[in-house]
Structures are given as C-alpha cells and as structure tokens.
Amino acid sequence: MVISVAPRVERLASSGIEVIPQEYVRPQEELASIGNVFEEEKKEEGPRVPTIDLKSINSEDRVEREKCNEELKKAAAEWGVMHLVNHGIPDELIERVKKAGETFFDLPIEEKEKYANDQATGKIQGYGSKLANNACGQLEWEDYFFHLVYPEDKRDLSIWPKTPTDYKEATSEYARQLRGLATTILSTLSLGLGLEEGRLEKEVGGMEEFLLQMKINYYPRCPQPELALGVEAHTDVSALTFILHNMVPGLQLFYQGKWVTAKCVPNSIIMHIGDTIEILSNGKYKSILHRGLVNKEKVRISWAVFCEPPKEKIILQPLPETVSEEEPPRYPPRTFAQHIEHKLFRKTQDLHSNRISK
C-alpha cells in the first residue's frame, strides 16, 4: 500500500530553491500589501495592538480591578486582539512549552511523519501541512502540529509527540493554566456586556464541553517572502485564541482598513476574540481579520490554542441581552459546525464570483 504524503514546506525550504512554486504565490490583489516584516515591525507611527496588564484583574481593590476590566473590554470591542502581560502563567512553564515544540520540529522530517495526520479520512490531529482544499487552491508557507489539549479526558495521547520527553507534561500543565485564564477572561467579558460573570463560559460549553485545541505553526525561511503568506487572511472561529511565539514577527491585523504588524512583546500572550464571542455579543466584541507573514532570515514558530464550543450541542446566536430594537440580531442561529461550514461556503462563493468578474 502506498501512503501519499503531503509535501512538507520545511523540505521545500531546505532544498535550496530560490523561486517558490506557483501554488504558494498569493493572488495579485494581495501582493501589494505584503512587505518586509522586520521593517514593518520597527515602524513607530500608526496604530498599535493594545497591551493589557492583567495584574489587577482579580485584585481586592475594586477601583484597580474595574480599571483592568474596562481596558480589556475596550480592547475586545475596538481591536479584538491584545497582548496580555502579567497573565499569571509562569514564564518558566511557557519556556518549557516552547522548548518542547521547538525540539519536536527540530526532529528529522521522517521522524515527524510518524505523527502525520490524514485529512482525507478525517484524522485531523497530528503533524500536517495545508492541503490545497481552500477555494483558490492556494497553499500556505507552513507546517504544523495540531491536537486537542483540554479537557484531559478528551485527549488522544497516542498522537502526542514522544520526543522530547517533557512535551506531554509541559503542554498539559500549560493547557490547565490556560483553561483557568480563559475563565477569568470570559468572566470579564461577561461583566462588560452587563451579564452575570459565568454567563459566557456557560454559553460556550462550560467546564465539560469547552475544548482547547493547540496548533503549533512552523514557518520555515522563505526565499521569496514578498510573494507568500504563512497563514492567509482569516478570522478565528473560536471563542478565544491564545498565542505564544518565538519572538519572530509575523502576525498582522487588518485594522481600520490597513494591515498593522504586531510587535513582539516579551513575556506576553497574544489573545484574539474569535467569531463565537463576536456572535454571542452581537458584534460588541470583534473578531479581527489577521494573517501571518514569512521571512528569509528566521524560522517563526507560534503556539496557538483555540478555545472552542462543542460542534453540535450549542446554538450560537446573539444573547437576548445584547439585542434590542435599535440593535437587532446581526447573526442567524447556527451550531458551531454550521458556522464553520458557512464560512467555508462563503469563501468559496466569494472567490468564485471574483473569478467570474475578472
């Protein structure tokens, strides 16, 4: 039996090519906005992704606590993305998580292939690369490792990397602590909508059903970074997404009609508001369009944890308290699975109509 393996971007990048294959070259309308990410990150002028200091989020001092809550709520409403500092997760644990992921990706490709996923059969967890299943047949300049990390009883540890030996322990502990941070954030966002503290968490599945899925994104050096993207423009379908990275810039946010490059903030976790929270809040909190650039000089790695509601059990729609005559519901009721399908369908339609109009 012949097993067909998706081409790995890492292998392509290390083959010495100077010209990237056509399927990695972005459409003409995107190319104008792709610049040098190191120069973009150095820019001092223009809007900046907000940094939110969570030091006082659980403070006994009501004034301090409310000030912190207000800043987080403002960032969620205006940007939908922020750098979190003093988030309570130890730097030493975060370094272990990064070291474990880097060590896995340093393994020979043949070794990593033992963990390969198989999207054709629905086995999505494991080591993979983007297949040309998006509407324009375009590929992204990345390989990845994807797996469910919380709740612990829903994990499939058989597909977790055995090397390094610290991978399981570091990743499991990080997931546990991140789950606690998600509760804190959701409480604050609930209060910001005038809801009871536990409301948003309940609406996304609570302790039993709220899933944390980790995707380690590995972006090799690219000989023509001005032509490619590590991740194409999208909004996250999740409720919240938490991201670590190896301090190499790449994340860009589409803010007020322009692409803004996120700066690398030491000891921070980047947090995105996802579509799920945008829908539940009836658009009061934003899920921002973002993408990932690549570069010639440095490998970029990011660790994204998507906090998601269950696929079928919950109907996502604006909460009654967020709706009024002046602000009718902006989103129809859908399950999480239906929302994902709708996005894929809409994207296919958009690209199809673009082609017809050209």
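Residues numbered from 1 in each chain as written. Predicted model: local features only at pLDDT ≥ 70, side-chain atom pairs only at ≥ 80, totals over all residues. Heavy atoms only, no water.

## Describing the pattern of salt bridges
Tallied over the full model, the rule gives 26 salt bridges. The salt bridge partner of K67 is E71, with a shortest N-O separation of 3.6 Å. Here E71 and K67 lie together in helix α4 (residues 62-78), a separation of 4 residues that amounts to about one turn. Here K67 falls in the partly exposed class, since its relative accessible area comes to 48%. The exposure class assigned to E71 is partly exposed, which follows from its relative accessible area of 33%. Two residues, K130 and E140, come together in a salt bridge whose shortest N-O distance is 3.1 Å. Taken as a pair, K130 in the loop between β3 (126-129) and β4 (143-150) and E140 in the loop between β3 and β4 lie far apart in primary sequence, 10 residues in all. Among the charged side chains, a salt-bridge network with shared partners connects R26, E30, K130, E140 and E232. (Salt bridge = Lys/Arg side-chain N within 4 Å of Asp/Glu carboxyl O. Helix = DSSP H or I, 4+ residues; strand = E, 2+ residues; numbered from the N terminus. Buried < 20%, exposed > 50% of the residue type's maximum accessible area, 1.4 Å probe, protein only.)

## A word on the sheet that holds strand β1 (residues 51-53)
Pairing is mixed across the open sheet formed by 8 strands, whose spatial order is β1-β2-β10-β7-β12-β5-β4-β3. Because the sheet does not close on itself, it has two edges, and the strands there are β1 and β3. Averaged over neighbouring strand pairs, the angle between their axes works out to 25 degrees when direction is ignored. With 3 bridges connecting them, β1 and strand β2 (residues 81-85) associate as parallel partners. (Pairing = 2+ DSSP bridges. Axes fitted to C-alpha atoms, helices over the stretch in contact; angles between N-to-C directions.)

## Some words on the UniProt feature "domain: Fe2OG dioxygenase" (unreviewed entry) in the protein chain
UniProt tags residues 210-309 as "domain: Fe2OG dioxygenase" (unreviewed entry). Secondary structure content for residues 210-309 is 6% helix and 45% strand, while the C-alpha to C-alpha distance between its ends is 5 Å. (UniProt positions renumbered as here; feature names shortened; annotations may be inferred.)

## Brief notes about the packing of helix α5 (residues 91-106) against helix α7 (residues 167-192)
Think of two packed helices as two axes; the pair is described by the angle between the axes and how far apart they sit. α7 packs onto α5 with a crossing angle of 135 degrees between their chain directions and a minimal axis gap of 9 Å. One way to sum up the angle between α5 and α7 is to call them oblique. In terms of crossing hand, the pair formed by α5 and α7 is left-handed. In this structure, α5 contributes L93, I94, R96, V97, A100 and G101 to the contact, and α7 contributes Y167, E169, A170, T171, E173, Y174 and Q177. The residue makeup of the contact of α5 with α7, split by class, is 7 nonpolar, 3 polar and 3 charged. (Parallel < 35°, antiparallel > 145°, perpendicular 65-115°, else oblique. Left-handed = near helix turned anticlockwise from the far one by under 90°. Contact = heavy atoms within 4.5 Å. Nonpolar A, V, L, I, M, F, W, Y, C, P; charged D, E, K, R; others polar.)

## A short note on the confidence of the model for the protein chain
Per-residue confidence for the protein chain gives a mean pLDDT of 93; residues scoring 70 or more make up 93%. Ignoring residues within four places in sequence, the model shows residues 1-5, a span with pLDDT below 50, making 1 contact including any to other chains. When the criterion is pLDDT under 50, residues 351-358 qualifies, and its contacts beyond four places in sequence or with other chains add up to 5 contacts. (pLDDT = per-residue confidence, 0-100.)

## Some points on the side chain of Q125
Here Q125 shows up in the loop between α6 (109-112) and β3. Separated by 2.8 Å, the side chain of Q125 and the backbone nitrogen of L148 make a polar contact. If near-sequence neighbours (up to four positions away) are discounted, Q125 is found in contact with N117, F146, H147, L148, D156 and I159. (Polar contact = N/O pair within 3.5 Å; in protein donor to acceptor, adjacent residues only side chain to side chain.)

## Topic: the packing of aromatic side chains
Overall, the coordinates contain 11 aromatic pairs when judged by the stated rule. Between W160 and Y167, the ring centres sit 6.1 Å apart and the planes meet at 90 degrees, which makes this aromatic pair edge-to-face. On the accessibility criterion, Y167 (1% relative accessible area) is buried. Feature note: the residues F104, F105, Y115, Y127, F145 and Y218 constitute an aromatic cluster, connected by ring pairs. A cation over an aromatic ring shows up here: R155 above the ring of W160, its NZ or CZ 5.4 Å from the ring centre. Across from the ring centre of Y144, 5.0 Å away, lies the NZ or CZ of K215, which sits over that ring. (Phe/Tyr/Trp six-rings, centres within 6.5 Å; stacked < 30°, edge-to-face > 60°. Lys NZ or Arg CZ within 6 Å of the ring centre and 35° of its normal.)

## Overview of the side chain of Q252
Within the secondary structure layout, Q252 lies in strand β8 (residues 251-255). In terms of polar contacts, Q252 uses its side chain to reach the side chain of R291, at 2.9 Å. Setting aside residues no more than four positions away along its own chain, Q252 makes contact with E40, W259, V260, T261, L289, H290, R291 and L293.

## Focus on unusual backbone geometry
The linkage connecting Y150 with the following residue, P151, adopts the cis geometry, with an omega of 0 degrees. Within the element layout of this structure, P151 appears in the loop between β4 and α7. Following T163, the chain continues into P164 via a peptide bond in cis, with omega recorded as 0 degrees. Among the structural elements, P164 can be located in the loop between β4 and α7. With a phi close to 50 degrees, N86 is a non-glycine residue in the positive phi region. One non-glycine residue, N267, lies in positive phi territory at about 55 degrees. As for its placement among the helices and strands, N267 is situated in the loop between β9 (258-261) and β10 (269-273).

## Let's talk about the pairing of β4
Among the 8 residues of β4, 8 are classified as buried, and the element is accordingly described as predominantly covered. As paired strands, β4 and strand β5 (residues 211-219) are joined by 7 bridges and run antiparallel to one another. The residue of β5 that forms the bridge with F145 is I216.

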